[in-house]
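Residue-level structure breakdown
Spelled out, the chains give:
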Amino acid sequence: MHATIEFLPVIVTEVPVDEDHAPLLVDPAAARIVRADQIAAGDTILASFPSYGQRGMLTAEYFNDQYQAHPMTYDRTHGCGSCATMADHDGPVVNLGDMNPWDVCDPWPAGDLALIVPAAA
């Protein structure tokens, strides 16, 4: 059996503990970096790594409030206002659901990285 290892040029910073960020409701020791197309239902999304694929190290950008993924089919013509923002993206897009703090769809380029705590953790 051969394993594939991917080295990711990212920095995971300490979880912010200021008044702008909700306290974590999950154990950050269980956090993992995954591609957006690997996020499963119930995974808790903590942060993104904007501009993945560009040169240099990327730093985790924590969301003000973590939220659970509830993936659903991405439809660029959905009309929610959020799906249309990815309509011109070259490549596959995933929708991590609309049950989040913003109550709108959450489209991501499939290859973008996220810091998550898996639902099974």
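Residues numbered from 1 in each chain as written. Predicted model: local features only at pLDDT ≥ 70, side-chain atom pairs only at ≥ 80, totals over all residues. Heavy atoms only, no water.

Turning to the overall build of the chain, a few remarks are in order. Scanning the chain from N- to C-terminus turns up 0 helices and 8 strands. Along the chain direction, N to C, the helices and strands of the chain fall in the order β-β-β-β-β-β-β-β. Residue burial in the chain is summarised as follows: out of 121 residues, 34% are buried. Taking the contacts inside the chain whose residues are at least 6 apart along the sequence as the reference set, 63% of them involve residues at least 24 apart. (Helix = DSSP H or I, 4+ residues; strand = E, 2+ residues; numbered from the N terminus. Buried < 20%, exposed > 50% of the residue type's maximum accessible area, 1.4 Å probe, protein only. Contact = heavy atoms within 4.5 Å.)

If you trace the 4 strands from one edge of the open sheet to the other, you get β2-β8-β3-β5, paired in antiparallel fashion. Looking at which strands have only one partner, the edges of the open sheet turn out to be β2 (32–35) and β5 (61–68). With strand direction ignored, the average angle separating the axes of adjacent strands in the sheet is 35°. (Pairing = 2+ DSSP bridges. Axes fitted to C-alpha atoms, helices over the stretch in contact; angles between N-to-C directions.)

Quick look at the packing of aromatic side chains now. Going through the model one piece at a time under the given rule, you end up with 4 aromatic pairs. Relative to Trp102, the ring of Phe63 lies with its centre 6.1 Å away and its plane at 70°, an arrangement referred to as edge-to-face. Of this pair, Phe63 sits in strand β5 while Trp102 sits in the loop between β6 (93–95) and β7 (107–109), and the two are 39 residues apart along the sequence. Overall, the relative accessible area of 45% leaves Trp102 in the partly exposed class. (Phe/Tyr/Trp six-rings, centres within 6.5 Å; stacked < 30°, edge-to-face > 60°.)

What follows concerns the pairing of strand β8 (residues 113–117). Taking burial as the measure, the 5 residues of β8 include 5 buried ones, the bulk of the element. Burial along β8 is two-sided: Leu113, Leu115 and Val117 and Ala114 and Ile116, pointing in opposite directions, are all buried. As paired elements, β2 and β8 share 4 bridges and run antiparallel to each other. The residue of β8 that forms the bridge with Ile33 is Leu115. In terms of strand pairing, strand β3 (residues 44–48) meets β8 through 4 bridges, oriented antiparallel. Residue pairing for β8: Ala47 is matched across the bridge by Leu115.

For Asp103, which is not glycine, the phi torsion reads 55° and is therefore positive. Take Asp103: it is sitting in the loop between β6 and β7.

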